[in-house]
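Given next are the chains, with one letter for each unit.
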Amino acid sequence: MNLVFALAAASLFGAGAYLLLSRDLVRVVLGVVVISQAAVLTLMASAIDRGDAPIYPLAFGPISDPLSQAMALTAIVIGMAVTALLLVLVLRVTRAFHSRALDELAEEEAERDHRLERRHAPSQESDEASAR
Amino acid sequence: MTELAVALLVPWAAGAILVALDGRRRIVGWLAVAALLGTIASLVAVAVSAPPAGALTFTTGGWPEGVGITFRADAFGLLFGLLSVGTLTAATVHEVLDGVREREFPGVVVLLAAGLTGVFLTADLFNFYVFFELALAAAYVLSVYGRTPRAIGAGLVFTAVNVVGTFVFLLSVASVYRVTGTLDMAEIGTRMARADPNAAILIAVGFFVAFGVKLGLFPFHFWLPTVYTGSRPAVAAILSGSLANIGAYGILRFGAELLPRELALASGALVVIGGASVVYGGVLAVSRRTASEMLAYSAIGQVGYVLMAIGIGGPAGFAAAILYTVINALNKTMLFLTTRIRGTLVGAVFVVGALSVAGVPPAAGFVGKLELFQAVHHEPALVVLLVVGAILSLVYAFQIYQYDHWLLGRGDEPSRWQARVVPFALAGVVLAAGLWPEPLAAFSQAAADVLAPR
């Protein structure tokens with residue numbers, strides 16, 4: 001049972017990490033969602049194998065810990081809110097840059113850095129000229 | 001006990017109301033400042049009423065201890081709470097004086113304060129995660145403040161990286177519950193000593209990665225320059241001056257209180273990572289040409305010192321780490337706020353910050369560096385590293401001074417007095433803390449005593 005949960009959480013995390021590394025921003029968000037599911041699954045697995053489901057009327061014998069399931073619910077809610085926020089940000093970026101491919105955004109960034117370098121260069125040159 | 005509940009409720013309730021109002025109106029901005037000042041006042045009330053060497057605890061809903069969610073205010077948590085809400089207030093006053101540009105800014109700032117006070121005062125591991133997410137969600141919204149394409153791009157990077165960081169944190173929380181069966185942070189410390197060392201090391205690594213991402217340490221720093229240079233000065237000041245404190249707090253609290261054995265085991269690695277941060281941040285900051293880029297890389301270097309002090313450990317190391325975090329937060333808030341202002345004496349304010357970063361008296365940074373030297377004096381290699389780091393910071397800070405205030409500064413229009421008053425006040429605080437460091441040093445020593453009793 002433990003091994004099944006561990007393998008499931010690990011493969012979810014791996015799939016999420018793979019998606020995170022892709023170029024498309026929506027895939028990146030999906031990667032975040034999958035990683036959040038890995039965390040939720042680990043949270044549930046941390047106490048699920050201790051007995052039966054903690055539903056009233058309680059079964060005779062050991063029951064599993066309901067606290068970890070309460071925590072999992074909280075984590076799911078937080079994960080949903082954060083995912084919504086991320087999707088809004090992706091929408092904003094898509095509108096601002098007219099692209100949702102990461103390498104195109106990086107190109108734009110590099111171009112801006114280049115402009116910034118040029119801004120400083122003339123002032124130094126003119127200083128050297130006046131010094132001469 | 002009531003003071004503690006008030007300190008948590010004030011920013012929470014005020015923030016929930018303020019997000020609904022139009023923050024561009026001046027009155028709403030000042031209401032947010034009032035709420036932040038109210039939070040500081042209630043934190044001071046908690047600090048006054050707490051027993052000198054102990055902690056004030058409070059269990060929600062009147063449940064017996066061990067069942068309800070516990071809050072615990074000790075000197076360590078209170079120092080970080082006061083520092084973070086204090087720098088947050090300074091940045092908010094600056095932005096309100098200068099004119100708020102987005103309607104959600106004041107409310108979100110107050111909600112960030114709610115998350116931060118919760119993080120620093122909770123004694124429950126899962127509650128820590130919830131408050132951590134609350135503070136971060138507020139920070140995600142703040143990171144796109146200004147809505148320029150650059151700010152939005154930076155906000156996306158910041159959000160994506162930190163969301164993954166918090167899920168790594170959650171994975172470690174789940175593992176802690178699995179291993180110890182409790183969420184009470186004091187109880188975890190005692191039960192962790194009996195846990196399987198392999199599991200404990202994995203948990204400790206998860207926490208370290210989560211807080212390292214938050215702090216912007218060397219291997220986890222990749223998001224930091226984009227975000228700090230892309231966002232507005234007030235937001236960069238908030239992110240580096242108050243939000244990043246969670247990282248230092250987390251490594252100290254989780255390392256020294258929850259996983260002391262693993263912290264001792266990793267001390268060599270922490271010193272190496274800290275040293276790498278110092279050198280990497282310093283060297284890259286020297287190569288930068290704009291103030292905000294220089295400050296972003298300098299932030300990476302400065303947290304390296306904190307990590308080195310934590311790695312050395314013991315009462316002296318923890319006290320140095322805490323004091324250095326406090327001073328670094330003040331420096332960064334002040335310097336980020338000066339990046340876009342020009343005019344009489346702005347250069348002087350920048351010089352005070354630069355001296356403080358490099359650790360030259362009479363600025364407060366000297367006291368921090370002194371404590372660091374005291375903690376590492378028996379390790380010659382680390383002393384050399386500290387000196388090299390200090391020289392690098394002098395070079396990069398005065399290089400930017402030269403670009404911004406000598407070469408380019410002359411022709412620029414001086415900024416309005418509204419934009420200048422808060423950096424001036426912060427420079428006064430940094431100088432005062434450097435000239436009379438006794439209260440700050442005593443407070444950080446008391447905070448370190450919580451973690452490692454002498």
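Residues numbered from 1 in each chain as written. Chains lettered and ligands numbered in written order. Predicted model: local features only at pLDDT ≥ 70, side-chain atom pairs only at ≥ 80, totals over all residues.

The subject of this paragraph is the overall build of chain B. When helices and strands are counted, chain B shows 20 helices and 2 strands. Expected size for 454 residues packed as a compact globule is a radius of gyration near 22 Å; at 21 Å, chain B falls within 12% of this value. Considering only C-alpha atoms, chain B reaches an extent of 65 × 55 × 40 Å along its principal axes. By residue count, 65% of the 454 residues in chain B fall in the buried class. Pairs at least 24 apart in sequence give 79% of the contacts found in chain B among residues at least 6 apart. (Helix = DSSP H or I, 4+ residues; strand = E, 2+ residues; numbered from the N terminus. Rg over C-alpha atoms; globule rule 2.2 N^0.38 Å. Buried ≥ 20, exposed ≤ 12 C-beta atoms within 10 Å, placed from the backbone. Contact = placed C-beta atoms within 7 Å.)

A few words now on the nonpolar core. Core analysis: the largest hydrophobic core is formed by 219 residues, its most contacted members being Leu112(B), Ala135(B) and Ala309(B). Here this core takes 18 residues from helix α6 (residues 149–180) of chain B, the largest share from any one element. (Core = buried A, V, L, I, M, F, W, Y, C linked by C-beta atoms within 7 Å.)

So, on to helix α14 (residues 291–312) of chain B. Residue and element names in this part refer to chain B. Taking 1.5 Å of rise per residue, 22 residues should cover 32 Å, and α14 covers 32 Å from first to last C-alpha, within 8% of that figure. Burial runs high along α14: 22 of the 22 residues are buried. Trailing α14 by a residue or two, Gly313 shows a phi angle of about 70°, which is positive. (Expected span 1.5 Å × (residues − 1).)

This brings us to the environment of Val32(A). Take Val32(A): it is sitting in helix α2 (residues 25–45). Owing to 23 C-beta atoms within 10 Å, Val32(A) belongs among the buried residues under this scheme. In this structure, the C-alpha to C-alpha distance between Val32(A) and Ala110(A), residues 78 residues apart in sequence, is 26 Å. For Val32(A), the contacting residues outside a window of four places in its chain are Leu20(A), Thr83(A), Leu86(A), Ala160(B), Val163(B) and Val164(B).

Taken together, the contact between chain B and chain A spans 26 residues of the former and 31 residues of the latter. Mapped onto the side of chain B that touches chain A, the elements with two or more residues apiece are α5 (125–143), α6 and α18 (380–407) of chain B. When residues of the side of chain B that touches chain A are assigned to their parent elements, the largest contribution, 15 residues, is made by α6(B). Across the side of chain B that touches chain A, the residue classes tally to 19 nonpolar, 4 polar and 3 charged. (Nonpolar A, V, L, I, M, F, W, Y, C, P; charged D, E, K, R; others polar.)

It is worth spelling out the confidence of the model for chain B at this point. Residue and element names in this part refer to chain B. Residue-level pLDDT values for chain B average 90, and 98% of them are 70 or greater. Strand β1 (residues 56–59) is the least confidently modelled element of chain B, averaging 82 in pLDDT, while helix α4 (residues 105–121) averages 95, the highest of any element. Note on the complex model: pTM 0.91, ipTM 0.86. (pLDDT = per-residue confidence, 0-100.)

It is worth spelling out helix α1 (residues 2–20) of chain A at this point. Residues and elements named next belong to chain A. Its 19 residues place the ends of α1 27 Å apart at the C-alpha level, agreeing with the 27 Å of an ideal helix rising 1.5 Å per residue. Within α1, the full set of buried residues consists of Ala9, Phe13 and Gly16. Taken around the axis of α1, the buried residues stretch over an arc of 65°, which confines them to a single face. Within α1, the exposed residues directed more than 90 degrees away from the buried face are Leu3, Val4, Leu7, Ser11 and Tyr18. Buried-residue contacts for α1 involve α2. (Arc of directions from axis to C-beta.)

Residue and element names in this part refer to chain B. Contact pair helix α3 (residues 75–98) / α4: the axes reach a minimum separation of 8 Å and the direction vectors enclose 170°. One finds that α3 runs roughly antiparallel with respect to α4. Here α3 contributes Gly77, Phe80, Gly81, Ser84, Val85, Leu88, Thr92 and Glu95 to the contact with α4, which in turn contributes Phe105, Val109, Leu112, Ala113, Leu116, Thr117, Phe120 and Leu121. Across the contact of α3 with α4, the residue classes break down as 10 nonpolar, 5 polar and 1 charged. (Axes fitted to C-alpha atoms, helices over the stretch in contact; angles between N-to-C directions. Parallel < 35°, antiparallel > 145°, perpendicular 65-115°, else oblique.)

A few words now on the packing of helix α13 (residues 267–286) of chain B against α18(B). Residue and element names in this part refer to chain B. The contact between α13 and α18 brings their axes to 9 Å, and the two run at 25°. Classified by the interaxial angle, the pair formed by α13 and α18 is roughly parallel. In the packing of α13 onto α18, the handedness of the crossing is left-handed. Contact residues: Gly275, Val278, Gly282, Val283, Ala285 and Val286 in α13; Leu385, Gly389, Leu392, Ser393, Val395, Tyr396 and Gln399 in α18. (Left-handed = near helix turned anticlockwise from the far one by under 90°.)

All names here are of chain A. The share of residues in chain A with pLDDT of 70 or more is 85%, and the mean pLDDT across the chain is 81. Mean pLDDT across the secondary structure elements of chain A bottoms out at helix α4 (residues 102–131), with 61, and peaks at α1, with 93. Of the regions scoring below 50 in pLDDT, residues 122–132 engages in 3 contacts with residues more than four places distant in sequence or in other chains.

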